[in-house]
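Structural overview for review
Here is how the chains run, residue by residue.
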Amino acid sequence: MARRAAAILILAAGLAWAGWAFAAELARILAPEPQATRPLPQRWEPDTPEAREYLTWLEEVDRTLPPGSTVAVAPRPLPGSEEFFLYLWTAYGLPRHDVVRASQPWTWSRADHVVTYRLRHGDPGWHQLLGSPPEQVQQTLPLVPEPILEHPLGAVYRVARP
Amino acid sequence: MTVGATLFAALVVLLLAALAWRLGFHVLSLAGGGHEPSAVPAWLAGWMTIHLLLTGLQALGVLWTRWSVLLGVGAAWLLAAGAHRRYFRLGSVFRPRGQTPRFGWGDALAGLALAGFAFAAWTLRSVNPDFIFHWGLKAKKFVLAGGVDFAYLARPWNHYTHPDYPTLLPELYAASSLLAGRFAEPALLLWSVLCFAALLWVAREWLAEQGLASGVRQAGLAFLALAVAVFGIGYLQAGGADLMIALGLVAGAAALGREDPDPRADLELGTAAAFAAASKIEGVVLAGFLVGLGLSQAILRGQLSRAKLLRQLLPPVAVIGPWVALNLHHGLFQGTNTGSFDPSRLGAIWEALAASLAVPAWHGFPYLLGLLPVLLVFRRSRWLAALALLQLGLYLYVYVTTPVDPVFYVRSSFPRLLLHLVPAAILGAVAVLGTLPRGPTTR
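Here is a short report on the structure shown in this document. The numbering scheme is per chain: residues are counted from 1 as the chain's sequence reads. Here the convention is simple: chains get letters from A, ligands get numbers from 1, in the order in which they are written. In keeping with the predicted nature of the model, local features appear solely for residues at pLDDT of at least 70, side-chain atom pairs appear and are counted solely at 80 or more, and the whole-chain, interface and lining totals rest on all residues. Excluded from the side-chain calculation are hydrogens and water; included are all heavy atoms of the structure.

**Digging into the overall build of chain B**
Helix numbering and strand numbering both begin at the N terminus, where a helix is a DSSP run of H or I of at least 4 residues and a strand a DSSP run of E of at least 2. Each helix and strand in chain B was counted, giving 18 helices and zero strands. This radius of gyration counts C-alpha atoms alone. The globule rule is 2.2 Å times how many residues there are, raised to the power 0.38. Over its C-alpha atoms chain B spans a radius of gyration of 21 Å, differing by no more than 12% from the 22 Å that the globule rule assigns to 443 residues. A principal-axis box enclosing the C-alpha atoms of chain B has dimensions of 60 × 60 × 45 Å. In this scheme, a residue with accessible area under 20% of its type's maximum is buried, one over 50% is exposed, and one in between is partly exposed, where area comes from a 1.4 Å probe on protein chains only. Here chain B holds 443 residues, and the buried ones make up 60% of them. Should any heavy atoms of two residues lie within 4.5 Å, those residues are counted as being in contact. When contacts within chain B are restricted to residue pairs at least 6 apart in sequence, long-range pairs at least 24 apart make up 81% of them. Exposure was quantified through the Shrake-Rupley algorithm and a 1.4 Å probe, taking into account, for residues, occlusion by the shown protein chains and nothing else. Carbon and sulfur atoms form 67% of the exposed surface of chain B, whose accessible area is close to 16,400 Å². For the charge count, each Lys or Arg is scored as positive and each Asp or Glu as negative, with His and the chain ends excluded. A charge is said to be at NZ when it belongs to Lys, at CZ for Arg, at CG for Asp and at CD for Glu. Charged side chains of chain B number 31 positive and 19 negative; the gap between the two group centres comes to 8 Å.

Have a look at this one:
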C-alpha cells in the first residue's frame, strides 16, 4: 500500500512539474516580444520582423535575377558566425538560385551576382569581408558599381567577368 | 500569402496524411496476410510508401508535379485497397490489441499539450532553425527540380544542408507544396504536429497494453505529452526531424515487446525501422538496432523463420538500399560524419553534455535518462531502455570521434537528440511505477 501511495505521489509530482513547465513555455510564446530585439540572423525566426523584412526583400531580388544565377551574399561585417547564418537565410529566400558566400574565395569566384546586406559598393566593410586590402577589393570581386536593384537592406550588383 | 491560401495548404497536408494512413493500412494488411495493423504503424507505412513511390517516380524519370504526385499516390492507394478487398476480408480500420482504452483526463491533458504545440507551430513561434537551413530549403529545391535535387546536394559549398541525410521529411514538404500549389510554412509545420500526435497515439496504445491501472495510464500519457510539448515549444521543434526519431524509437520498442502469434509485430517493427531510417541519418543506425534486437529475440526464442526475417528486414532495406546507392552515386556522404577516437576530448565533451541536459527549454526532463539502466531490469520497460541506451551510446561515440569541434557539436545538437530518448525514459518509468507493488519480473 505504501509503495502504491509512493507511486501515485511520484506521478502527481511529475505531472505538476510538466504542467508548470508547459504553462511557462506557453506564457513565454504568448508574451509580446519587444520589436527589433533580434538584429542578428542567428536569432531570427520566420515571424521576427527582421526575418520577414529580409525575406520580402529577397522575393524582389529573386524576381530581378536571371533564373539559375549564382549569387554571392555580402553582408556588412557581422560578429562571430552571423555572416554564415545570414547566408543560410539568403539561401532559403533564393531557392531558384545557387547561393554562395562572398567571404569564401573558393565559392564567390563562381558568382555572377552579389546581393549585399547593409553594405554598398565602396563601403570599407568590403575588404574585411573579402580578406583583401582595400585597394584590391575591386580586383578581388569585380562588381559593376551601379546596382541593378537597391533597397534600404542592401543592393544587387552584377559581377563584371572578363 | 492569404489566410485562405494557408488554410487550403493545411487542408492538403491533412488530406495527404489521411491518404497515407489508408494507404499504409492496406499495404501492411496485404503484407501481413490480412492481419490489420494498428493505427500508427499503418500511418508510418503510408509515409514510407509515399517515400518509395516518389523515389520510384524519380528513378523512372518522372518529374514530381502536382499531377504526378496525386496520380501516383492515388493509384497506389486504389491498387492496395483493391488488392486488400480482393484477397482478404476487410475488418475495422484499426484493431487495437486487447480492450480499447477509454478516453480520460490524461487524454484531455495530452490533447491540450498537442494543441499548445500546434499553436506554436501554426503561428511560427517554434520553428526549428533547421527548417530554414536544411529541411525546408531542401524541400524548396525539390519542388523546383521536380525531384530530389542531387546536383544541388552534390555541390561542395552546400555541405551545410547535410546532403547525405535521408529525404523523407523534405519529400513530405515538397509533395504537400506541389499538391497545394504553394510553399506555406504554417501548413508544412503540421507534419511535426502529426508526428507528435502519432507519438502520443502509439504511447497510449503501449500503456494500455501494459495492463496498468487507468489512473497510471492517464498520468503517464499526460506527463509524456506535456514534457514533449514543453521542449517542442521551448526549443523550437516544429519543422525539424527529431520528433520522427522519437516516434520511430517508441513504435519500434512497442513492436519489440509484443508477442503476437500473427505477423503484425514483425511488420510493425520493420515499419518503425524503415521510418526511422528515412527520417535522419541517426535513424539509419536506430533501424539497425531495431532489426538487430528483433532478430536476436527471434533466434533466442527459436522463432526465426524466413518469413519473419523478411517482414522485419525488407522495409528498412527498401529504404536504406536506395539511400546508400544514391548517396554513393552522387558522392554525397560527408567526411565529417566520423573521425578517429580521441579520448583527450572526453572532459570537454562531458561538460558540454552536462550543459545540454540543463538547457532551460528542457526544464530538467532529460535527467530522467538516469533511470534507463534501472529500466533495463524490468520486462515492460526493457526494450525502451535498451534502444534509448544504444542510441545514447551512438551519440557519445560520434561526439568522441567527430573531426569537428566536439564542444560546439555537442552544444548545438545534443539538446535536440535528447528528444529521441526522453519519451522512452518517461514511458518506461511510468510502466515500472504502475507495477511497482508487484516488483520487477525477470520473464
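The structure having been displayed, the exposition proceeds.
**Considerations on the overall build of chain A**
Assigned secondary structure in chain A consists of six helices and five strands. Counting from the amino terminus, helix and strand elements in chain A follow one another as α-α-β-α-β-α-β-α-α-β-β. For 162 residues, the compact-globule estimate of 2.2 N^0.38 gives 15 Å, and the C-alpha radius of gyration of chain A, at 23 Å, exceeds that figure by more than 25%. Seen through its principal axes, chain A has C-alpha atoms that stretch 85 × 30 × 30 Å. Taken over 162 residues, chain A has a buried fraction of 48%. Restricting the contact set of chain A to residue pairs at least 6 apart, pairs at least 24 apart contribute 66%. By element, 60% of the accessible surface of chain A is carried by carbon and sulfur atoms, the whole surface being about 8,100 Å². Distance between charge centres in chain A, computed from 15 positive and 17 negative side chains, equals 9 Å.

**Notes on the packing of aromatic side chains**
What characterises a pair of aromatic rings is the spacing of the ring centres plus the angle enclosed by the ring planes. In this analysis, rings of Phe, Tyr and Trp, with Trp reduced to its six-membered ring, are considered paired at centre separations within 6.5 Å, and the interplanar angle assigns stacked below 30 degrees, edge-to-face beyond 60, and tilted for intermediate values. Enumeration according to the criterion identifies 30 aromatic pairs over all chains in this entry. An aromatic cluster of at least three residues, connected via ring pairs, comprises A:Trp44, A:Tyr54, A:Phe84, A:Phe85, A:Tyr87, A:Trp89, A:Tyr117, B:Phe133 and B:Tyr160. For the cation-ring pair, B:Lys140 lies above A:Tyr92, with the distance from its terminal atom to the ring centre recorded as 3.6 Å. Over the aromatic face of B:Trp201 sits the side chain of B:Arg204, whose NZ or CZ is 5.9 Å from the ring centroid. Put simply, a charge is over a ring when the Lys NZ or the Arg CZ is close to the ring centre, within 6 Å, and near the line of the ring normal, within 35 degrees.

**Quick notes on a nonpolar patch on the surface**
All names here are of chain B. Together, Ile299, Leu304, Leu309, Leu313 and Val317 make up an exposed nonpolar region whose accessible area comes to about 400 Å². Of all the elements, helix H14 (residues 306-330) adds the most residues to the nonpolar patch, at three residues. Turning to its location among the elements, leucine 309 is positioned in helix H14. Exposure above 30% relative accessible area and the lack of any salt bridge qualify a residue for a patch; like charges then connect within 9 Å, and the nonpolar side chains Val, Leu, Ile, Met, Phe, Trp and Tyr within 5 Å. Any Lys or Arg side-chain nitrogen located within 4 Å of an Asp or Glu carboxyl oxygen qualifies as a salt bridge.

**Quick look at the layout of surface pockets**
Once rolled over the atoms, a probe with the size of a water molecule shows which space is left empty. The distinction between a cavity and a pocket rests on a 1 Å grid over the protein atoms alone: a 1.4 Å probe fits inside a cavity but cannot get out, while a pocket stays open yet meets protein on both sides within 12 Å along at least five of seven lines, and a residue with an atom within 4 Å of a point counts as lining. Grid points are joined across faces, edges and corners, and a volume is the space filled by probe spheres set on the points. One number sums up the size of the second largest pocket: a volume of about 1,000 Å³. Mapped by element, the contributors of at least two residues to the lining of the second largest pocket are helix H2 (49-64) and helix H3 (82-93) of chain A together with helix H1 (3-31), helix H5 (129-145), helix H7 (168-180) and helix H8 (185-188) of chain B. By residue number, the principal contributor to the lining of the second largest pocket is H2(A), which donates six residues. Polarity classes work like this: nonpolar for Ala, Val, Leu, Ile, Met, Phe, Trp, Tyr, Cys and Pro, charged for Asp, Glu, Lys and Arg, and polar for all others, with Gly in that last group. Each residue belonging to the lining of the second largest pocket can be placed in one class, and the counts come to 14 nonpolar, six polar and nine charged.

**Observations regarding the pairing of strand S1 (residues 70-75) of chain A**
All names here are of chain A. Taking burial as the measure, the six residues of S1 include six buried ones, the bulk of the element. Alternating positions in S1 separate into two faces, Thr70, Ala72 and Ala74 on one and Val71, Val73 and Pro75 on the other, with burial throughout. For two strands to be treated as a pair, DSSP must find at least two bridges joining them. In terms of strand pairing, S1 meets strand S2 (residues 98-101) through four bridges, oriented parallel. The residue bridging threonine 70 from the neighbouring strand is aspartate 98, located in S2. With five bridges connecting them, S1 and strand S3 (residues 113-117) associate as parallel partners. Along S3, the bridge assignment pairs proline 75 with tyrosine 117.

**Describing the pattern of salt bridges**
Residues and elements named next belong to chain B. Scanning the entire structure with this criterion turns up 14 salt bridges over all chains. In this structure, aspartate 266 engages arginine 311 in a salt bridge whose closest nitrogen and oxygen atoms are separated by 3.3 Å. Of this pair, aspartate 266 sits in helix H12 (residues 264-279) while arginine 311 sits in helix H14, placing them 45 residues apart in sequence. Overall, the relative accessible area of 6% leaves aspartate 266 in the buried class. With relative accessibility at 21%, the residue arginine 311 sits in the partly exposed group.

**Quick look at unusual backbone geometry**
All names here are of chain B. In this structure, leucine 124 takes a positive phi of about 60 degrees despite not being glycine. Residue placement: leucine 124 occurs in the loop between helix H4 (105-122) and H5. Overall, leucine 124 belongs to the buried group, its relative accessible area being 13%. In the Ramachandran plot, histidine 162 falls in the positive-phi region, its phi being about 50 degrees despite a non-glycine side chain. For histidine 162, the position within the fold is in the loop between helix H6 (150-154) and H7. Given the relative accessible area of 32%, histidine 162 is considered partly exposed.

**Overview of empty space enclosed by the protein**
Residues and elements named next belong to chain B. For the structure shown, the criterion picks out two cavities of 30 Å³ or more. Each pocket or cavity is described by its volume, and for the largest cavity that value is around 50 Å³. As for the largest cavity, its lining consists of Pro101, Arg102, Asp107, Arg204, Leu207, Arg217, Gln218 and Leu221.

**A word on the interface of chain B and chain A**
Counting from both sides, the interface comprises 46 residues of chain B and, opposite them, 39 residues of chain A. Two parts placed together each lose some accessible area under a 1.4 Å probe, and the buried area is that loss summed for both. Roughly 3,800 Å² of surface becomes buried between chain B and chain A when both sides are summed, with 74% attributable to carbon and sulfur atoms. Counting every contact that joins chain B to chain A gives one salt bridge. Between B:Arg155 and A:Asp98 there is a salt bridge, with its nearest N and O atoms 3.4 Å apart.

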